[in-house]
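Report on the structure
One letter stands for each residue in the lines below.
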Amino acid sequence: QVQLVESGGGLVQPGGSLRLSCAASGSIFSVNAMAWYRQAPGKQRELVARITSSGSTNYADSVKGRFTISRDNAKNTVFLEMNNLKSEDTAVYHCNVWALIAPMTRSREYWGQGTQVTVSS
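Now for a description of the structure that goes with this document.

Parameters and conventions
Residues numbered from 1 in each chain as written. Predicted model: local features only at pLDDT ≥ 70, side-chain atom pairs only at ≥ 80, totals over all residues. Heavy atoms only, no water. Pairing = 2+ DSSP bridges. Helix = DSSP H or I, 4+ residues; strand = E, 2+ residues; numbered from the N terminus. Axes fitted to C-alpha atoms, helices over the stretch in contact; angles between N-to-C directions. Phe/Tyr/Trp six-rings, centres within 6.5 Å; stacked < 30°, edge-to-face > 60°. Lys NZ or Arg CZ within 6 Å of the ring centre and 35° of its normal.

Glancing now at the sheet that holds strand S8 (residues 77–82). Taking strand neighbours across the sheet as the criterion, the 4 strands line up as S1-S3-S8-S7 in an open arrangement whose pairing is antiparallel. One side of each edge strand has no neighbouring strand; the edge strands of this open sheet are strand S1 (2–7) and strand S7 (67–72). Adjacent strand axes in the sheet meet at a mean angle of 15 degrees, parallel and antiparallel pairs treated alike. Sheet topology places strand S3 (residues 18–26) next to S8; 6 bridges connect them, and they run antiparallel. Along S8, the bridge assignment pairs alanine 23 with threonine 77.

Tallied over the full model, the rule gives 1 aromatic pair. Here the guanidinium or amino end of arginine 45 rests over the ring plane of tryptophan 111, the centre of that ring lying 4.5 Å away.

What follows is the structure in structure tokens.
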């Protein structure tokens, strides 16, 4: 049993910043990749940023230079620092985690419920 708790979403003005966090809890043996996805109304869900267990990262072209993904392995938490936010960043942001949960022998994918980010003046 795994629970992903997201926080940090809200309303922010263009050019502002927000930091999202997602903490995984449960009988976790190991956590592999952690990522943030987003979905805006009328659009498909897209990958925003991903970080591997070793710290390697990749970002969507639209957020490079503005967003930073990081993780705290001791707390099984992933963060997304969002700077210079734009109206097109408005979306529901979902945490995504691949983890091995006892007593299972294969990793599987888990999703958070999502947190709303609205960029508007």
